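# Notes for the structure review
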Amino acid sequence: QQTGRLAGKKVVVSAGGTVEPIDPVRFITNRSSGKMGYALAQAAAEQGADVTLVSSSELPAPVGVAMVPVQSARDLLAAMTERFEDTDVAIMAAAVSDYRVATPADQKMKKNADHAGLTIDLVENPDILATLGQQKTTQYLVGFAAETQDLLTYAQNKLEKKNADMLVANDVSKAQVGFGHDTNEVTLLQRDAAPEKLPLQSKLALARDIMSRIATQVEGK
Ligand code: C5P
C-alpha cells in the first residue's frame, strides 16, 4: 500500500532526446540528458504514484519506476498514446526532434566518390504534447518550454496551443540552467494562475517542487 500525495495515481513521464535514424549507424538527436524527466519520475514515485518513464536516455531508471525504452519521436508517440487514457498525469519532459529523416537508409551510407556535399531530406514529426492535448479528458498534462528569448510569451502560447495544464518554462540561454546541468531554474505557468518562478536549485529539488504543485491539482480527484 503506497502512501503519499499521489498514492493511487498513475504518472507517465517522457525523458531524453528522441533518436531519429539516418542509417544503421548514424542518427539525429536533441541535446538533452534526460535528467529533468528522471528527477520528475523519482519525485512522483516518492509521492506514492505508479510511475512509468518513457525514455530515450541511457540513464538507469530511478528505484520503483517502470521503464519503457524508446528511440524515435514516433516510438514515443505510440508509447505515450497507448498509456494516456489510463493515466492521471502525463509529463512531456522529452526533447522531441521536430523533424526526422524522410527515408532512413537500410545500409550504412557511403561517402560520395566525387566529394560532393550531402543533402538529407527531413519531414516533420508529430507534436506529441499537442496530440495528447487533443485527446485529453481528465488527465493533467504537463509540457516543457526551453527558450532562448521571450520565454514567458512563447511558453504561455504553448500552454494554450497544445492544450496543456502546466508549462515548465526554462531560459536555456542562462548559465547553469537546463541542458546537461544538475541545476535548473524555471517558471511554472498554469491556467488561470500567475506565473510562479521557482529558485535555481538541483533538478531533484525542483522536480519535487513541481510534483507538489501537480499533486495540489490532482489529489482528491
Ligand atoms: O514546441 P516545443 O518543442 O518548444 O514544445 C516543447 C514541449 O512540447 C515539450 O513538452 C516537448 O516534450 C513537447 N513536444 C512534443 N512533440 C514534438 C515537439 C515537442 O511533444 N514534436
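Just so it is clear, the structure is predicted and the values come from calculations on it, not from any experiment.

Right, let's get into the site of the ligand. Around the ligand sit M92, A94, V96, D98, P126, D127, I128, L129, G143, F144, K158 and K162, and that is every residue in its neighbourhood. I128 is positioned with one of its backbone polar atoms (N or O) 2.9 Å from a nitrogen atom of the ligand. Contact between the ligand and K158: an oxygen atom at 2.3 Å from a side-chain N or O atom of the residue. Alone, the ligand offers 450 Å² of accessible surface; in the complex the protein occludes 85% of this. Judged by its atoms lying within 2 Å of the grid points, the ligand is housed in the largest pocket.

So, about the layout of surface pockets. In this structure, the largest pocket occupies an estimated 900 Å³ of space. Lining the largest pocket are 36 residues, with A94, A95, V96, F144 and A146 positioned closest to its centre. Among the elements of the structure, α1 (35-46), α3 (128-135) and β9 (140-147) are those that each provide at least two residues to the lining of the largest pocket. In terms of residue count, β9 provides more of the lining of the largest pocket than any other element does, 4 residues in total.

With that settled, consider the side chain of S56. For S56, the position within the fold is in the loop between β4 (50-55) and β5 (66-69). A polar atom in the side chain of S56 sits 2.7 Å from the backbone oxygen of G17.

Right, let's talk about unusual backbone geometry for a bit. In the Ramachandran plot, H115 falls in the positive-phi region, its phi being about 60 degrees despite a non-glycine side chain. Relative accessible area serves as the criterion here: at 74%, H115 is assigned to the exposed category. For D192, which is not glycine, the phi dihedral falls at a positive 55 degrees. Positionally, D192 belongs in the loop between β12 (186-190) and β13 (196-197).

Another point: the packing of helix α2 (residues 73-84) against α3. Where α2 meets α3, the axes come as close as 10 Å, and the angle between the chain directions of the two elements is 20 degrees. As the angle between them shows, α2 and α3 are arranged roughly parallel. α2 and α3 meet at a crossing whose hand is right-handed. Facing α2, whose interface residues are A73, L76, L77, M80, T81 and F84, α3 presents I128, T131, L132 and Q135. Split by residue class, the contact of α2 with α3 holds 7 nonpolar, 3 polar and no charged.

Moving on, we come to the packing of α1 against helix α5 (residues 203-218). Where α1 contacts α5, the two axes come as close as 8 Å, and the packing angle between them is 55 degrees. One finds that α1 runs oblique with respect to α5. The interaxial crossing formed by α1 with α5 has right-handed handedness. The residues of α5 that touch α1, namely those facing K35, M36, A39, L40, Q42, A43, A44 and E46, are K203, L204, L206, A207, R208, I210 and M211. A class-by-class count of the residues in the contact of α1 with α5 yields 10 nonpolar, 1 polar and 4 charged.

Before going further, it helps to spend a moment on the UniProt feature "binding site: CTP" (unreviewed entry) in the protein chain. Here, UniProt's "binding site: CTP" (unreviewed entry) annotation points to D98, K108, P126, D127, I128, L129, F144, K158 and K162. Separation in sequence by 65 residues is matched in space for these annotated residues, since their most distant C-alpha atoms are 38.0 Å apart. Those annotated residues from the list above that line the largest pocket are D98, P126, D127, I128, L129, F144, K158 and K162. In this fold, I128 is placed in helix α3.

Turning our attention to the pairing of strand β6 (residues 89-92). In β6, alternate side chains face the same way, and those of V89 and I91 on one face and A90 and M92 on the other are all buried. Taken together, the 4 bridges between strand β1 (residues 10-15) and β6 define a ladder with parallel strand orientation. Among the inter-strand pairings, S14 is bridged to a residue of β6, identified as M92. Here β6 pairs with β9 via 4 bridges, running parallel. The partner of M92 across the bridge, within β9, is G143.

Reading the values: rules and limits
Position numbers for residues count from 1 along each chain, tracking the sequence in the order it is written. Since the coordinates come from a predicted model, pLDDT governs what is reported: local features require at least 70, and pairs of side-chain atoms require 80 or more to be given and counted, while whole-chain, interface and lining totals use all residues. To get the side-chain values, take all heavy atoms of the structure and skip hydrogens and water. Only heavy atoms are used to decide nearness, and a residue is near a molecule or strand if one of them lies within 4 Å of it. For the purposes of these results, a polar contact is taken to be a pair of N or O atoms within 3.5 Å, where, inside protein, one atom must be able to donate a hydrogen and its partner to accept one; residues adjacent in sequence count only when each atom of the pair is a side-chain atom. Residue exposure ignores everything except the shown protein chains as possible cover, and the areas themselves are Shrake-Rupley values with a 1.4 Å probe. We place a 1 Å grid over just the protein atoms. Points where a 1.4 Å probe fits but has no way out form a cavity, open points with protein on both sides within 12 Å along at least 5 of 7 lines form a pocket, and any residue with an atom within 4 Å of a point lines it. Grid points define the cavity or pocket, and a molecule sits in it when more than half of its atoms lie within 2 Å of them. Grid points are joined across faces, edges and corners, and a volume is the space filled by probe spheres set on the points. In this text, helices come from DSSP runs of H or I with a minimum length of four residues, and strands from runs of E with a minimum of two, each type numbered from the N-terminal end. Burial here depends on accessible area, computed with a 1.4 Å probe over protein chains only, as a share of the maximum for the residue type. Under 20% is buried, over 50% is exposed, and the range in between is partly exposed. Orientation is described by axes fitted as lines to C-alpha atoms, over the contacting stretch for helices, and by angles from 0 to 180 degrees between their N-to-C directions. In this scheme, roughly parallel covers angles under 35 degrees and roughly antiparallel covers those over 145, while 65 to 115 is roughly perpendicular and the rest are oblique. The sense of a crossing depends on the near helix, which, turned anticlockwise from the far helix by less than a right angle, makes the crossing left-handed and, turned clockwise, makes it right-handed. Two residues form a contact once any of their heavy atoms are found within 4.5 Å. The residue classification treats Ala, Val, Leu, Ile, Met, Phe, Trp, Tyr, Cys and Pro as nonpolar and Asp, Glu, Lys and Arg as charged. All others, Gly included, are polar. UniProt positions are given in the numbering used here, feature names are shortened, and annotations may be inferred rather than shown by experiment. DSSP calls a pair of strands paired once it identifies at least 2 bridges connecting them.

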